[in-house]
Structures are given as structure tokens and as C-alpha cells.
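# Breakdown of the fold
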Amino acid sequence: MARLVMKFGGTSVANVERIRNVALHVKREADEGHQVAVVVSAMAGKTNELVAWCKEASELHDQREYDAIVASGEQVTAGLLAVALQKIGIPARSWLGWQIPILTSGAHGSARIQSIDGAPLVRGFERGEVAVIAGFQGIHQPTGRITTLGRGGSDTSAVAVAAAIHADRCDIYTDVDGVYTTDPRVVPKARRMERISFEEMLEMASLGAKVLQVRSVEVAMVHKVRTFVRSSFDDPARPNSGTLICNEEDIVEAQIVTGIAFSRDEAQITLRGVADKPGVAAAVFVPLAEAGVNVDMIVQVASSDSMTDMTFTVPAAEFEHARAILEKSKPSIGYASLAGAKDVAKVSAIGIGMRSHAGVAARAFKALADKGVNIRAITTSEIKFSVLIDEAYTELAVRTLHSLYGLDAA
Ligand code: ADP
Ligand code: ASP
Ligand code: MG
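Quick summary incoming for the structure in this document.

Rules used in this analysis
Residues numbered from 1 in each chain as written. Chains lettered and ligands numbered in written order. Predicted model: local features only at pLDDT ≥ 70, side-chain atom pairs only at ≥ 80, totals over all residues. Heavy atoms only, no water. Pairing = 2+ DSSP bridges. Helix = DSSP H or I, 4+ residues; strand = E, 2+ residues; numbered from the N terminus. 1 Å grid on protein atoms, 1.4 Å probe; cavity = no way out; pocket = protein on both sides within 12 Å on 5 of 7 lines; lining within 4 Å. Points joined across faces, edges and corners; volume = space filled by probe spheres on them. Nonpolar A, V, L, I, M, F, W, Y, C, P; charged D, E, K, R; others polar. Near = heavy atom within 4 Å. Polar contact = N/O pair within 3.5 Å; in protein donor to acceptor, adjacent residues only side chain to side chain. Areas by Shrake-Rupley, 256 points an atom, 1.4 Å probe, with all protein chains shown as cover. Phe/Tyr/Trp six-rings, centres within 6.5 Å; stacked < 30°, edge-to-face > 60°. Lys NZ or Arg CZ within 6 Å of the ring centre and 35° of its normal.

For the rest of this paragraph, the subject is the pairing of strand 16 (residues 337-350). With 11 bridges connecting them, strand 13 (residues 259-275) and strand 16 associate as antiparallel partners. Bridge pairing in strand 16 places Glu266 opposite Val344. In this sheet, strand 18 (residues 384-390) lies alongside strand 16 in antiparallel orientation, the contact comprising seven bridges. When the sheet's bridge partners are listed, Ala345 is paired in strand 18 with Ile389.

Here it is as C-alpha cells:
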């Protein structure tokens, strides 16, 4: 007998019929005698609808009420799955974040899980009951308010519950049958990986592969949760095991580049005519950091007449905020003009093999140039590099790099 967490994402619970199908996956494991906790997302599209309603009510809304609104989607699917399980003879009950409780920080809209009391869930297992947990939500104890974990947060709920109840494994069921070398919906030649290391998965997720929320990979890595990504659309009687996220040492065939990720949620800001002298970078980036704006790629061009241009990227959602801050700080920074672009994308190649191989990125610059793709900015780190390009070239760039590094399926 094992203890399992099974997580089902939005498309897997998109309607009552699919929820019935999910119940069959759960029944398979329960019939094996396993103790099962299920974590569910809201029905596909529901969270977007709730977010839009909230914005429609007021563009500048109370974040605590935003959480009260958007957490509701998961409540519905948790209840529905419990009912669907009971109907096929599997004892089950729903659990909301506050009922367990899943305690989080007070950062509404992107709260972090602080602790989960696994005991009530385990008592339920001892009564022979499947626990159906609403993902994405928790409670901030000092204020008693409902919180949410950021978009895609049910993945993190699942892995954190698995850590709390010392589960033998955590299966993330989604609409693809594992982690691919790049988004299979964009590159049909993408290949499914048998295994991927935590480090690489962390980079893939941070750089735009939304198959797992970044935080869920961190939690899995820190708490050594055996995590698989697999498909809810497999036959419930004969499912495939999907992709295992594991330690680097457990990867048999290491590639130089493992995967390509991309993100269209970037915006570029260029400050022209900035003085090339000590303290200018601080004048630009300290106010942004203090306002919580995440700055990513930074490029400073060679100066002429001790004046320079500074280009950097921020998340597209923070573009207006960043611009307002920079306009306010104009006297202290001292720049001639500010230009911004939202039609940019970041394309990244990830692989632990880059640690020991030189010239990996240089090959990409040449291949992209041959395709006429202009590179606006570059960043590199130990196991990845990223290029900022015009958004219109995203798919071409992803496909080019995918072929270049030998990732295309035969
Ligand atoms: P869920 O609703 O189950 O949480 P998501 O939409 O959040 O599902 O994540 C699954 C999607 O992630 C897939 O449909 C796929 O388009 C996308 N994706 C992006 N990059 C990858 C990748 N490298 N491997 C697999 N899927 C990826
Ligand atoms: N329903 C939430 C979202 O769409 C959480 C999740 O699905 O993981 O972001
Ligand atoms: Mg998701």
C-alpha cells in the first residue's frame, strides 16, 4: 500500500463528464489499496473568468477580495469530484484550504505556503476516505483571510500536500502526457522526456514552460517529493507513467541542451541618454526593486561622450507600473527619453550540459541570424541562455533552436 497525491488541472476537470473520468483514475489507485489525496484546479477557463469579473468590478480592487473571488473555482470542482467518487462507491470528501488548514503568507494573489497540517487528511485515510482538496488556495492565519498561490498554483498545492503527508509520489495529471523538450502545442516535433532534473525543470518553468508552476518544482526539490507529470486523457485502466522530475544523478543520458522554453509575457524598456557614471544603475534599479518590479535582462551599450543607453526587461504585467516609477525617478536618474515595447518574447535554451560545454549559445546566435531573427538582448547563466526577440519571430526561433540542438523527434 502506498500513499499518493493525484493532481488534476483545469482541462482535466473542464466539465462533469471529465470529472467522472478523473474519478476513474482515482478509483484505479484506491482499488489498489492506496491512500489517495486528490488536488483539483478550477474548470478550464473558470479562473480567467473570475479574474475578469473582479477587474470589471474595479480595476484597482482589494487583493483580499480578489482571492475570495478567484479561490471559488476550485471549491466547485472539489465538491463535484467528491460527489462523482461517492457515486462510483469510493468514500470521499472535499477539503478547502482553510479546513485542513493550508497556512500561507499574507501576500494575496501570490501567497506562499508556510505549513500544512497533514493529520486530518491521514485520519480520513484511516476511515477509508479519499481526500479531495481544492488547489490554489490557503488561509492567512493572522487575518483569517483566504489566499491564493498565483496562477498555476494548484501544482504547488499538490506537491506541498505530498510533502506534508509524506506521500510516496505526486502525480500531476494534465492535458499532455509528460514534460516535452518544448511546448508540444507549438513544436509538433517536440519529444517527451522520460526524466528531467529538478534544476532543468525549474529553469524551464521559470522561463515560460507553464506545465508546472515554478514554486511546485522548488517544493518538490527541497522536500524530495517523487513527482511525475502525466496525462489524464490516458485510458484510466492503462495509463502511461509520464515524466519523472528527479535528481541530476538519476539522468542516464545527459544532453547538452535539454529543452527550449519561451515567454511572451515580457516587456522591454530602454532609457536613452543616460550618464555613464557610478550610481546610475542604482538610481534606475533600486526604485524598481523597492516597488517589487522584477527586472530580468539588462543590457548597457558602450558609451560615447560618456552617455549610454540602458535596456532591460520586466514582466509585461508590470510594464505600466515600471514606466510610472521611472518617470517619477527621471530627475534622479537623468535620462533623455524612455522607450518601451511589449511585442517582445524571450526564448531560452536550458541544459545542465552547458556547464561543461563552451560555445553552446554562440551557435544559437548564428542560427538565429541565418533566419533573420534580430536579437535585442541576451542573458546567460550556468545552465541556460535567453535571447529577447520580436514577438512575431517566437515560433521560428523556438523551432530553429529545437532543431539546432538535435531535439526534434525522428
Ligand atoms: P493544467 O491545467 O493541467 O495545469 P497547464 O495548461 O497549466 O495545464 O499546463 C499544461 C500545458 O503546458 C500543456 O498543454 C502545454 O501546452 C504547456 N507546455 C509548455 N511547455 C511545455 C513542455 N515543455 N512540456 C509539456 N507541456 C508544456
Ligand atoms: N485555477 C488556477 C489557475 O488557473 C490554479 C491552477 O489551475 O493551477 O491559475
Ligand atoms: Mg497548470
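With that settled, the discussion passes to the layout of surface pockets. Considering only enclosed or pocket space, the second largest pocket measures out at about 340 Å³ in volume. Looking at the second largest pocket, it is lined by 16 residues, and the ones nearest its centre are Met193, Glu194, Arg195, Glu253 and Gln255. Class assignment of the residues belonging to the lining of the second largest pocket gives a composition of seven nonpolar, three polar and six charged.

Take the site of ligand 2 next. By nearness alone, every residue bordering ligand 2 is listed as Ser41, Ala42, Thr47, Glu74, Phe136, Arg151, Gly152, Gly153 and Ser154. Thr47 places a side-chain nitrogen or oxygen 2.8 Å from a nitrogen atom of ligand 2. Residue Gly152 places a main-chain N or O atom 2.8 Å away from an oxygen atom belonging to ligand 2. Surface burial for ligand 2 is 87%, taken as the share of its 260 Å² of free accessible area covered by protein chains.

Moving on: the site of ligand 1. The environment of ligand 1 is made up of 17 residues, and the closest members are Thr174, Asp175, Tyr180, Asp183 and Arg185. At 2.8 Å, a side-chain N or O of Asp175 approaches an oxygen atom of ligand 1. Relative to its unbound accessible surface of 580 Å², ligand 1 loses 89% to contact with the protein. Tallied by class, residues from the shell around ligand 1 come to seven nonpolar, five polar and five charged.

For the structure on display, the rule yields four aromatic pairs. With a centroid separation of 6.1 Å and 80 degrees between ring planes, the pair formed by Phe365 and Phe385 is classed as edge-to-face. Linking Phe365 in helix 12 (residues 360-370) with Phe385 in strand 18, this pair joins segments that are 20 residues apart in sequence. Of the aromatic side chains, those joined through ring pairs into one cluster are Phe365, Phe385 and Tyr405. Here the basic side chain of Arg93 rests over the ring of Trp95, its NZ or CZ set 3.6 Å away from the ring centre.

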